[in-house]
Amino acid sequence: MIEVQNLTKRYPTQVAVEDVSFSVREGEIVGFLGPNAAGKTTTMRVLTGFLPPTAGTARIAGHDIVTQSRRARSRLGYLPESAALYPEMRVREYLAFRARLEEVPAREVHARVEEVVESCLLAEVANRKIENLSKGYRQRTALAGALVHRPPVLILDEPTVGLDPAQIIKIREMIRTLGRERAVLLSTHILPEVDAVCDRVLIIDRGRIVAEGTPGELRARLAGKPVVRSAFRGSVTAAREELARLPGVVAVEVVEDGLETRARLECEANGDPREEIFHLAVSKGWILRELALDVGSLEDVFVRLTRHEEPTAAAPQEPAALEPAEPPAPAPEAPEAS
Amino acid sequence: MRKFLAIVGREWRAYFLSPLAWVILAAFLLLNGYVFTVILAVLNEPGAPKDQALLYLFANGFTSWFTLFLVPVIAMRLFPEERRSGTIEVLLTSPVTEAEVVLGKFAGALGFYLTLWAPSLIYVWILRSHARIDLGPVASAYVGIALLGGYFVSVGTFASTLTKNQIVAAILTFALLVPIFSVGLLDYLIRDPKTREGLSYLNMWVHLEEFARGIVDTRRLVYYVSATAFFLFLATASLAAKKETP
């Protein structure tokens, strides 16, 4: 539904998007992930016809964004950054305006407005002025505005920015539901969002796509080697030697403090020597206190791909692997400066 | 067409949802009311030319100058407000053309300007019950008011596409309107007959007076309509050009 080919957008002083190609199929939610000012918003503005591309092209539902701009625009619903709305209008009034603007037939306007009021859970504020609404309701009003003409393609620029956790969960649920029968492209710099919502991820950095795949694939491909952490009671002097002999183990580090011996095993890709470690411990009579496999978080992938200060070869294995493999904490939701 | 009307309607209503509109409306009514009482005082003088009474309601210096200040304030919010709130993105990514957006906003602002004049119909009705009023010149006077308003609002629409700042838009509009309005007034200062004749085509004071007398001159129609179209074209081009920069 969205096909982007070699899209480039240059400003007089800088290149915002460089030779970007990707596609989004129907029924697929694609996350557009990147640090601030990486080119996410610019790409979306080009796709929605708000900015003309410098080179390359894109098709929305088969319509070229340059030569068939109006048709392409009529097939997409766009939620701009920071939910732009007319503060003086009432919710229903605004949605009816959007419906007329999006060529919804006059007879259907009322029904469509009620439809999105219901699906976006806006019933209790539908007659209120937009300026008096909370941020969460505003975001949902803007989303309802993007849905009122039932577009097959949805482009959402940071749909959850500035919302509280409960609202974020609601919006994500809505997006997942919407994504079942539409092509959805959503941008974010919040990593758990990608894991929670997206079928596929595009990581963009400095205007280029640096990685693409499902969240699982990216983790597997780019998060580095799996690491197994284990701990044994007391001082186990033979641990280093014995563990290093296990199949699939590349490197072993052992730390001992008299009470406990902690080992960190770096393994080959897809290597998982946990069961072997258990058998080894049993046969040697070591008392196993801890055994865990870290598969690297998407956060590691992201940090590695978008880090510019250091060469990627010196990837942050050490800190990433020593942290427990819990879901990454939400990134601070700083508004994107672009 | 429906999309155009949706934009016009939203724009026109938006005026009445802001306090500014009511301040403008109140000031305008106050001014018109004052002019009307002056007219009544003149009419009460013995031997006053009663048939010319309405001329002064439309063609007086007050009205022209007030319009000159009024239009920049009416037009200044058209595009800067959309840019500030980001709704310009919603508008331009829906399946409408830039021309539809410009025309819709222009028509909404012109509609508000004409709404300001609507209460003056009461004065016509009052005068009519006390004196014989020919409705022909009244109608043509309103045509003149609408044409002048359309021209000025189109200049304001253009100026508002150039900036994100409402105050800058208002000042810019005023700076454009003052020469447009006053170049015709040089008519009174210049001796050279050829130049004077040329300038008289641009003398809006005279135009308004003509319209108020019931004279609808096609040269005036062509001047106002084509000048309006020119500035709306500039506004559309400026809006399209602005797309190149974020």
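Note that the structure is a prediction, hence the values are computed from the model and not measured.

Undergrad: I tried to follow the interface of chain B and chain A on my own but got confused; where do I start?
TA: Interface extent is often summarised as the accessible area lost during association of the parts. The interface is formed by 20 residues belonging to chain B together with 21 residues belonging to chain A. Elements that contribute at least two residues to the side of chain B that touches chain A include exactly α1 (2–16) and α6 (87–93) of chain B.

Undergrad: Help me out: how do you make sense of the packing of helix α3 (residues 91–101) of chain A against helix α5 (residues 135–147) of chain A in this one?
TA: Each pair of packed helices gets described by two things: the angle between the helix axes and the distance between those axes. Residue and element names in this part refer to chain A. Packing of α3 against α5 leaves a shortest axis separation of 8 Å and a crossing angle of 25°. As judged from the angle between their axes, α3 and α5 are roughly parallel. Relative to α5, α3 is oriented so that their crossing is right-handed. Residue-level contacts link Val-91, Tyr-94, Leu-95 and Arg-98 of α3 to Thr-141, Ala-144 and Gly-145 of α5.

Undergrad: Where do I start with the sheet that holds strand β4 (residues 55–60) of chain A in this structure?
TA: Residue and element names in this part refer to chain A. One open sheet holds the four strands; their spatial order is β2-β1-β4-β5, and the pairing between them is antiparallel. Taken across any chain shown, the strands that pair with only one partner, and hence form the sheet edges, are β2 (15–24) and β5 (63–64). In this structure, strand β1 (residues 2–10) lies alongside β4, joined through five bridges in antiparallel fashion. The partner of Glu-3 across the bridge, within β4, is Arg-59.

Undergrad: Can you walk me through the sheet that holds strand β9 (residues 200–205) of chain A in this structure?
TA: In a beta sheet, neighbouring strands are held together by backbone hydrogen bonds and run either parallel or antiparallel to one another. All names here are of chain A. Strand order across the open sheet formed by six strands is β6-β7-β8-β3-β9-β10, with mixed pairing between neighbours. The sheet is open, and its two borders are formed by β6 (76–79) and β10 (208–213), each paired with just one other strand. Strand-to-strand twist in this sheet, taken as the mean axis angle between neighbours without regard to direction, amounts to 15°. Alignment of strand β3 (residues 28–33) against β9, held across four bridges, turns out to be parallel. The residue of β9 that forms the bridge with Phe-32 is Leu-202. Relative to the sheet, helix α1 (residues 40–47) contacts β3, β7 (153–157), β8 (183–188) and β9, its axis offset from that of β7 by approximately 150°. α5 rests against β6 and β7 of the sheet, and its axis sits at about 165° to β6.

Undergrad: Which parts of the structure should I look at to understand the confidence of the model for chain A?
TA: Do not read the predicted coordinates in detail wherever pLDDT is low. Residue and element names in this part refer to chain A. Chain-level pLDDT for chain A is 82 on average; 88% of the residues reach the 70-or-more range. No element of chain A has a lower mean pLDDT than helix α12 (residues 317–322), at 38, and none a higher one than α3, at 93. Across residues 310–338, confidence stays below pLDDT 50; counting only partners more than four residues off in sequence or on other chains, it has 39 contacts.

Undergrad: Looking at this structure, I do not really get the nonpolar core. What am I missing?
TA: Burial of nonpolar side chains together is a common tendency in soluble globular proteins. Within the largest apolar cluster, 129 residues are counted, with the highest numbers of intra-cluster contacts made by A:Ile2, A:Leu95, A:Ala144, A:Ile155, A:Val184, B:Ala109 and B:Val153. A:Val228, A:Val236, A:Ala263 and A:Cys267 belong to the second largest nonpolar core, which has eleven residues in total.

Cut-off values and rules
Residues numbered from 1 in each chain as written. Chains lettered and ligands numbered in written order. Predicted model: local features only at pLDDT ≥ 70, side-chain atom pairs only at ≥ 80, totals over all residues. Contact = placed C-beta atoms within 7 Å. Helix = DSSP H or I, 4+ residues; strand = E, 2+ residues; numbered from the N terminus. Axes fitted to C-alpha atoms, helices over the stretch in contact; angles between N-to-C directions. Parallel < 35°, antiparallel > 145°, perpendicular 65-115°, else oblique. Left-handed = near helix turned anticlockwise from the far one by under 90°. Pairing = 2+ DSSP bridges. pLDDT = per-residue confidence, 0-100. Core = buried A, V, L, I, M, F, W, Y, C linked by C-beta atoms within 7 Å. Buried ≥ 20, exposed ≤ 12 C-beta atoms within 10 Å, placed from the backbone.

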